[in-house]
Amino acid sequence: MFIPKCFAQTDRREIFRLIVEYPLATIGYVADGKPCACHVPVIHVVEDGVDKLITHVARANQIWQHTDTPWLLIFMGARHYISPNWYPTKAKTHKEVPTYNYQTVHITAAATVRQQLDGAKQVLAQTTDFFETQLAGQTDHTPWQLDDAPTEYVDNMCDALVAIDLEILDIAAQFKLSQNKPPENQAGVITGLNHLATPEAVQMANLVAKFAKD
């Protein structure tokens, strides 16, 4: 991924925060010499002080049979179109063009399949707990747990799944949030986005403000 210096993000806290907020990853891998991709939720965990990722796929999904080369995981965060009409300098010089703000994280990872049933159950439980806890934090929601379903039913379901550990080999992150614009244009972008008043626009306005130049 090409990353201009002004948009490079190296703060691992911000990077993993994005993964927590946008866990649905596009995973690129090579199968029989051909590029392939699939889309699955990926969860960030810390084990013995080390950041790692976990996921699971249907056993019928061929991806787990192709772990001989590293996978590329792509996480897309907030994104929004930016109009040049929001830049105050445009009215003076007319030398502005449209652009698109976005956040993305690319992680290269080595995939290892958990062969035992208990491994699949553990990853499924961690994944379920992650999402159910999020729901409980947003509304009056009683979290569902793996133990709420009959053991035999869960075991049969997990037999049809493959749990995968992902060792992080490399991280590349780009947060393109108008950092290359002067303060007056950043302020104009924030005003323009807030005027739209959609959840996506307001979120991007907040991010532009958060990462704006001092």
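What counts as what
Residues numbered from 1 in each chain as written. Predicted model: local features only at pLDDT ≥ 70, side-chain atom pairs only at ≥ 80, totals over all residues. Heavy atoms only, no water. Helix = DSSP H or I, 4+ residues; strand = E, 2+ residues; numbered from the N terminus. Buried < 20%, exposed > 50% of the residue type's maximum accessible area, 1.4 Å probe, protein only. Contact = heavy atoms within 4.5 Å. Areas by Shrake-Rupley, 256 points an atom, 1.4 Å probe, with all protein chains shown as cover. Core = buried A, V, L, I, M, F, W, Y, C linked by side-chain atoms within 4.5 Å. Phe/Tyr/Trp six-rings, centres within 6.5 Å; stacked < 30°, edge-to-face > 60°. Lys NZ or Arg CZ within 6 Å of the ring centre and 35° of its normal. Pairing = 2+ DSSP bridges.

Moving on, we come to the overall build of the chain. Looking only at helices and strands, the chain features six helices and seven strands. By its C-alpha atoms, the chain is 70 × 45 × 30 Å across when sized along the principal axes. Evaluated residue by residue, the chain yields a buried proportion of 42% over its 214 residues. Look at the contacts in the chain between residues 6 or more apart in sequence, and 73% of them connect residues 24 or more apart. Carbon and sulfur atoms make up 54% of the accessible area of the chain, which amounts to about 11900 Å² in all.

This part is about the nonpolar core. Counting residues in each nonpolar core, the largest one holds 42 residues, and the members touching the most others are Leu73 and Phe75. If you tally residues by element for this core, the top one is strand S7 (residues 161-176), at six residues. Within the second largest apolar cluster, 13 residues are counted, among which are Ile43, Val45, Ile54 and Ala120.

Turning our attention to the packing of aromatic side chains. Across all of its chains, the model carries three aromatic pairs by this definition. Judged by centre distance (6.4 Å) and plane angle (50°), the ring pair of tyrosine 29 and tryptophan 71 falls under tilted. Pair noted here: tyrosine 29 is in strand S1 (residues 24-31) and tryptophan 71 is in strand S5 (residues 71-82), with a separation of 42 residues, a long-range link. Each member of the pair, tyrosine 29 as well as tryptophan 71, is classed as buried. For the cation-ring pair, arginine 59 lies above tryptophan 64, with the distance from its terminal atom to the ring centre recorded as 5.6 Å.

Once that is clear, we can look at the pairing of S1. Alternating residues of S1 divide into Ala25, Ile27, Tyr29 and Ala31, all buried, and Leu24, Thr26, Gly28 and Val30, none buried. Judged from the eight bridges that link them, S1 and strand S2 (residues 34-41) form a sheet pairing that is antiparallel. Among the inter-strand pairings, tyrosine 29 is bridged to a residue of S2, identified as cysteine 36. Two successive antiparallel strands, S1 and S2, enclose a turn made up of two residues, where aspartate 32 displays a positive phi of approximately 55°. Direction of pairing for S1 relative to S5: antiparallel, over a ladder of three bridges. Note on S5: the bridge partner recorded for threonine 26 is isoleucine 74.

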